[in-house]
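Fold and contact review
Here are the chains, one letter per residue:
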Amino acid sequence: MTARSGPAERMALYSILALVIAATLISRYVVGILVHDQAELVVYSQTLSWTYDEQMPVLTWLTTLLLNITSYFILVPDIVKYAGVVAAVIVIFRMTQTMTGSGRAGFIAATAMFLIPTMNEDMLREYTHTASLIAFSVGSFAFFIGRDGLRMPTSLVFLALVWAGGLLSKYTMLLIMAGQIGAFVFLIRPPRETIVRLLVAALGAVAIASPIYLLMVFNQAPVQTGLSEFLATGEGSRRLAGMIDFASSMLMEGGLMFLALWIAGSRLGKTSVSRAQPGYGIIRSERFFLVSTAMVLGLFCVVILVANVDVVRDRWLAPAMIMLAPVAASWFSRAHGNRTNLLVAVFLGIWLIAFGTMRAAEPFIDGATGEYSVENHPYTFIADEALVKAAGHDAILSNSAHFAATLKAREPRLRVYAPKTQGNIPADAASILIVSTFTRADNAIVLGAEWQCDEEEMRAAPLRFARNATFPYGYQVCHKEYQAGSPAGAPMPPA
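The structure presented is a predicted model; accordingly, all values stated were derived computationally and were not measured.

**Quick look at the state of the cysteines**
Here a disulfide denotes a covalent bond joining the sulfur atom of one cysteine to the sulfur atom of another. Inspection of every chain in the model, using the stated rule, returns one disulfide. In this model Cys 453 forms its disulfide with Cys 478; the gap between the sulfur atoms is 2.0 Å. Between Cys 453 and Cys 478, the S-S dihedral sits near 110°, and the bridge is therefore right-handed. Within this pair, whereas Cys 453 is found in strand β6 (residues 451–453), its partner Cys 478 is found in strand β8 (residues 470–480), the two being separated by 25 residues in sequence.

**Quick notes on the pattern of salt bridges**
Enumeration according to the criterion identifies 12 salt bridges in this entry. Linking Glu 286 and Arg 334 is a salt bridge whose minimum nitrogen-to-oxygen distance equals 2.9 Å. Pair noted here: Glu 286 is in helix α13 (residues 280–307) and Arg 334 is in helix α15 (residues 325–335), with a separation of 48 residues, a long-range link. Under the relative-accessibility criterion, Glu 286 is labelled buried at 3%. Here the salt bridges share partners, and the residues they tie into one network are Arg 28, Asp 78, Lys 81 and Glu 375.

**Remarks on the packing of aromatic side chains**
This structure, assessed with the given rule, holds 12 aromatic pairs. Centroid distance Phe 141 to Phe 288: 5.8 Å. Interplanar angle 65°. Geometry classified as edge-to-face. Note that Phe 141 is positioned in helix α7 (residues 128–142) and Phe 288 in helix α13, a separation of 147 residues in sequence. Residue Phe 141 shares its accessibility class with Phe 288, and that shared class is buried. Between Tyr 379 and Phe 403, the aromatic rings sit 6.4 Å apart at their centres with planes inclined by 50°, giving tilted as the arrangement. In this pair, Tyr 379 sits in helix α17 (residues 379–389) while Phe 403 sits in helix α18 (residues 401–410), placing the two residues 24 residues apart along the sequence. Among the residues examined, Tyr 379 registers a relative accessible area of 1% and is labelled buried. Given the relative accessible area of 0%, Phe 403 is considered buried. Grouped by ring-pair contacts, the aromatic residues Phe 141, Phe 144, Phe 184, Phe 288 and Phe 289 constitute a single cluster. Sitting over the ring of Tyr 475, Lys 389 keeps its end group 5.0 Å from the ring centre. The side chain of Lys 408 reaches across the aromatic face of Tyr 72, ending 5.0 Å from its centre.

**A short note on the packing of α7 against helix α8 (residues 156–167)**
Here α7 crosses α8 at 155°, and the two axes come no closer than 8 Å. One element, α7, and the other, α8, form an angle in the roughly antiparallel class. The hand of the α7/α8 crossing is left-handed. The residues of α8 that touch α7, namely those facing Leu 133, Phe 136, Gly 139 and Ser 140, are Leu 159, Val 162, Trp 163, Gly 165 and Gly 166. Residue classes in the contact of α7 with α8 are distributed as five nonpolar, four polar and no charged.

**Remarks on the pairing of strand β5 (residues 431–437)**
Of all seven residues that make up β5, seven are buried, and the element is covered over most of its length. As judged from the four bridges shared by strand β3 (residues 395–398) and β5, these two strands associate in the parallel manner. Bridged to Ala 395 within β5 is Ile 432. Two elements, β5 and β8, share seven bridges in a ladder whose sense is antiparallel. When the sheet's bridge partners are listed, Ile 434 is paired in β8 with Gln 476.

Definitions and cut-offs
Residues numbered from 1 in each chain as written. Predicted model: local features only at pLDDT ≥ 70, side-chain atom pairs only at ≥ 80, totals over all residues. Heavy atoms only, no water. Disulfide = S-S within 2.5 Å. Helix = DSSP H or I, 4+ residues; strand = E, 2+ residues; numbered from the N terminus. Salt bridge = Lys/Arg side-chain N within 4 Å of Asp/Glu carboxyl O. Buried < 20%, exposed > 50% of the residue type's maximum accessible area, 1.4 Å probe, protein only. Phe/Tyr/Trp six-rings, centres within 6.5 Å; stacked < 30°, edge-to-face > 60°. Lys NZ or Arg CZ within 6 Å of the ring centre and 35° of its normal. Axes fitted to C-alpha atoms, helices over the stretch in contact; angles between N-to-C directions. Parallel < 35°, antiparallel > 145°, perpendicular 65-115°, else oblique. Left-handed = near helix turned anticlockwise from the far one by under 90°. Contact = heavy atoms within 4.5 Å. Nonpolar A, V, L, I, M, F, W, Y, C, P; charged D, E, K, R; others polar. Pairing = 2+ DSSP bridges.

Shown next, in the form of C-alpha cells:
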C-alpha cells in the first residue's frame, strides 16, 4: 500500500497512540499488578507445555520466552499486546488512506477503531491473544484493497502467512477468512481459477497452522476444560441463550460504530455510480468490508447453533466490527465537507486520548472514589509479605492467578502456582505455602488426601489507593505426609 498524502494526520495518529501506550505502561508499572489474560500468561510461563487452556499456545510460548529473557519484567505481556494493537492501527490507517486517497480519512478510521469497547477497554489493559488476532485480521483485509478499490491479492503467499498467523492466534480467524473469500467472490464474481487460487491460499494457511491444532487435538484435557465455560455440554439445548448473548454482544461491541456509520451515511444519498466512474472503486471496497463483516457475523450464528454455545464474549466480535471503521471514514470523506471531517477527526483524537488516559488512571480513580476493583487489590503488599513467609517451602500455591502472577513478577526465582497450573507442582514437593484471597472470582484450593494443612491464618490489608477499605486474605501451610520408612514420593494413604 502506498501512502499518497496525510503526513500531518499520520504524525498526529502516531503521537496520540504513543501517548496513550506510554500512559498505560507507566500505570501498569506503578500499580505492579497483572490481571486476567496477562496474569494467566505469567502463571503458565513457569512450565513449558503443549497446551495450556482453550487459547492457542503459540503466543504463550512467545511470552514465556520473553519473560524468561527479561527476568519477568512486568511490562512484557503489555508490550506483546501493544505490538498487535499498533500493527492494527497502522494498517487500518494506511489501508483507508490508500482506499480513499485521504490521510484524514485514514486518521478517522484508525481512531474510530477505539469506538469498539474491546479496543478502548480490553486492549488498553489486557487480553493479549485478542490483540494478536485483530492485527492479523486487519492485515489480511489490506491485501484485498488497492488504489483502484477491491482487488485480487497480489501475493497469495504472504496472504497465506498472515492468515496462518491469525489461525495461530485464535480459532475464529477461520470465520474471518471465510467472510473475506465469500465477500470477494460475491462482489467480484471472479473466474473459477481465481477462486481456486484463493482457496489454495486458505488451505496453505490451514496447513501451516495444522501442527499446532494437532497438538491441541492430542492434548485435549486443558482445551476441553477451557471450552466448557462457553459450551452447554450435557445441559440440553442452550442455543437460544447463545443467540440472545450474541445479539447483546453485537450491540454492545458495535453500538457506537453503528452510530458512526449512521451519522456518516446520513448524507450519502441513493445515487448510483457506474463502473466507469472514479468513485466506483471506493464504493466496492466499502461493500467488501460491509459484506465480509455480515458474513463473519452470520458464520458466528451458525457456530453458536451447531456447537450449542451459550456464552459469547463481546471481544470475539471485535475483529469483524473493527472493519466497519474504514467504511465510516470513507462515508465521511465522500459525503461531508472538509470542516466536518476535521471536526470528526479532532473528536476521535480527543476520544482516544481521553479513554487512554482514563484507563491508565482508572486504578487511582477507583481508589479515590472507593471503587472495589481488581487493580486496587493489595497484591503487591501481600506478595512482599509472602516472600518472607516462603522460606522453607517448596512451592507457593494461590487461588488467585492475579496474585500468583504479581508475586512471580516480583520474584522470578519462586515457583508459584494457581488453580490452572496446580497439577504442575513437583511430585517431590513436601511443603506448600497457600495464599488465599477472598473475592467472588476466587475459589478455595483443594489438595489431595496426602496433604495435611495447618489452620488458616486470616489477615486483612488496606485496599490500594483507597481509604477505610480492607482486603481479606489468608496463609496456610500444608505438608505431605509419608508412610514411615517409605521413600519420598510414597505418601501416607488416606485414613
